[in-house]
Every structure is written in structure tokens, then in C-alpha cells.
Amino acid sequence: MLKVVSFKICPFVQRVTAALAARNIPYEIEFISLKDKPQWFLDISPNGQAPLLITDSGTALFESDAIIEYIEDQYGPLETGVTHEQRALDRAWGYLGAKNYMTQCGTMSSKNEATFEQRNEKFVTAFTKVEKQLSGQSRFFKSDSISNVDIAWLPLLHRAHIIKQHTGYDFLCGLPKTKAWQQAVMASGLVEQTVAEDFEQHFTNFYLSDNHLKIGNELQNSATCAISSCCG
């Protein structure tokens, strides 16, 4: 059986597990601590980064883009009849999504408002490009069926959803087609298959502890309580 190795809140591994889940491919997963990487992991990970995908033959594949391409080659595409041009466009939009994983992580990790605003401006630019691309006529990025583009952007949409649920801050504010796309992805049932049961707890502990989003939310809540006396 395939084995995925990563840490619990890694967006790159969620892209991989989403690609597997969308194809109903069974796999096992082992989570490690990036602060204390086991030697066996370092021995098989050339770049010392997660995720890894260990194939049935025991080969350890690294770099999420390469792993996604392997899954496509080995288990078949999610869509049939896609032209070479469209496949290239799909990969390009997928790469654009994955390129913004660390941008989103950095934005969420911002310690103060100035840093948050600076990073967020760059991050929201990517979603603005998506807003222009979406037709608004289909559930997902291209159609009413999940594609590789949806898989690539799923970690970003999922994390934006959690942030809004916990803080009220909406990364997708003013982007109605992107928000509808996010809602469709979240309602697809795929997200729950891509992360550990305690993912949200680990995620909020990491990103909403002493960062700007958490502090800003507490200040907002305090102001609200002062006005309403915290009734109801």
C-alpha cells in the first residue's frame, strides 16, 4: 500500500492526499515532527522536506509536483478527453495554487498588522486572478466535477475557511465567484478525507495562538463585548 509521510498541517501533503482520495486510492499516512525529523526520514528525503510518497515498490518520491504527476501517470487522470493545451493550462493553474501555499502560511503567521497587510496583499492577488478566470456557471474551477486544479487549490480554500470560522476574517472578501467555488469544494466531502481528525486543532494552535489574526480577533471580540455586555 502507498504510504504518505508528512506533518499534520502541511498544505503540500493535503494536495497529495486529496489527489489520492479523489481517485479512491487507499494509502496509509505517518506524521512526523519537523522540529525533530527522524533519521529514517532524512535518509530517504533528499531535500529533508515533506511530503514523501513511498510507492508499493518502496521508492520514496519527493516534491509534491512530482508526486502529483506520478499519481496521474500511475492511476490515471481525473478527467478524460482533455486536450494537451488544456492539460498544460490545468497544470499552470495548479502550479499557481501550490506556489501560494507558503504565501498563505506566511500571511497567517504574521505577528503584527503591518506585516499581515503586506503579505496579505500579495496573497489575495492570486485569488483575484482566480476570480477573473472562474465562469461562475459551474460548481468547481472548470466544470461540475473535481479536477486537478481544484485539488491544487483545495488546501488554500480549506485554510481560508478555517480562518473565517475562527476569526471572522475572510481572505476571499469581495470575490463572489471564488467564495462560491470555496463553498462547493468544502461541501464536496473531499476535504474531510485529506486531513487527520485533529487537523483543525493543530492548525489553530499553530496559526491562532499569538499571531495577528488571533490578537486582532480578540480585540474585535473585546470591542463587541463592551458594546453588547457579552449578552447572548
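Residues numbered from 1 in each chain as written. Predicted model: local features only at pLDDT ≥ 70, side-chain atom pairs only at ≥ 80, totals over all residues. Heavy atoms only, no water.

A.B. asks: Honestly, empty space enclosed by the protein in this entry has me stumped. Any pointers?
C.D. replies: Any space left empty among the atoms is revealed by the rolling of a water-sized probe across them. Counting across every chain of the model gives two cavities of 30 Å³ or more. Considering only enclosed or pocket space, the largest cavity measures out at about 220 Å³ in volume. Lining the largest cavity are 15 residues; nearest its centre among them are I68, E72, D90, R91 and N148. Sorting the residues of the lining of the largest cavity by element identifies helix 3 (64–75) and helix 4 (84–99) as the ones contributing at least two each. At five residues, the largest contribution of residues to the lining of the largest cavity is made by helix 4. Here the residues of the lining of the largest cavity sort into five nonpolar, two polar and eight charged. K8, V13, F31, T194 and V195 are the residues nearest the centre of the second largest cavity, which is lined by 13 residues in total. Broken down by secondary-structure element, the contributors of at least two residues to the lining of the second largest cavity are helix 1 (11–22) and strand 2 (27–31). Of the residues belonging to the lining of the second largest cavity, the class tally is nine nonpolar, two polar and two charged. (1 Å grid on protein atoms, 1.4 Å probe; cavity = no way out; pocket = protein on both sides within 12 Å on 5 of 7 lines; lining within 4 Å. Points joined across faces, edges and corners; volume = space filled by probe spheres on them. Helix = DSSP H or I, 4+ residues; strand = E, 2+ residues; numbered from the N terminus. Nonpolar A, V, L, I, M, F, W, Y, C, P; charged D, E, K, R; others polar.)

A.B. asks: It is not clear to me how the sheet that holds strand 1 (residues 2–6) should be interpreted in this structure. Could you clarify?
C.D. replies: Within a sheet, neighbouring strands are paired by backbone hydrogen bonds and run either parallel or antiparallel to one another. Taken in spatial order, the four strands make up an open sheet running 2-1-3-4, and their pairing is mixed. Each of the sheet's edge strands pairs with one partner strand only, and the pair in question is strand 2 and strand 4 (60–62). For this sheet, the mean angle separating the axes of adjacent strands, direction not counted, is 25°. By the bridge criterion, five bridges tie strand 1 to strand 2 in an arrangement that is parallel. Residue pairing across strands places S6 opposite F31, the latter belonging to strand 2. In the packing of helix 1 onto the sheet, the strands contacted are strand 1 and strand 2, and the crossing angle to strand 1 comes to about 160°. (Pairing = 2+ DSSP bridges. Axes fitted to C-alpha atoms, helices over the stretch in contact; angles between N-to-C directions. Contact = heavy atoms within 4.5 Å.)

Without other data, these values stay purely geometric and don't point to any function.
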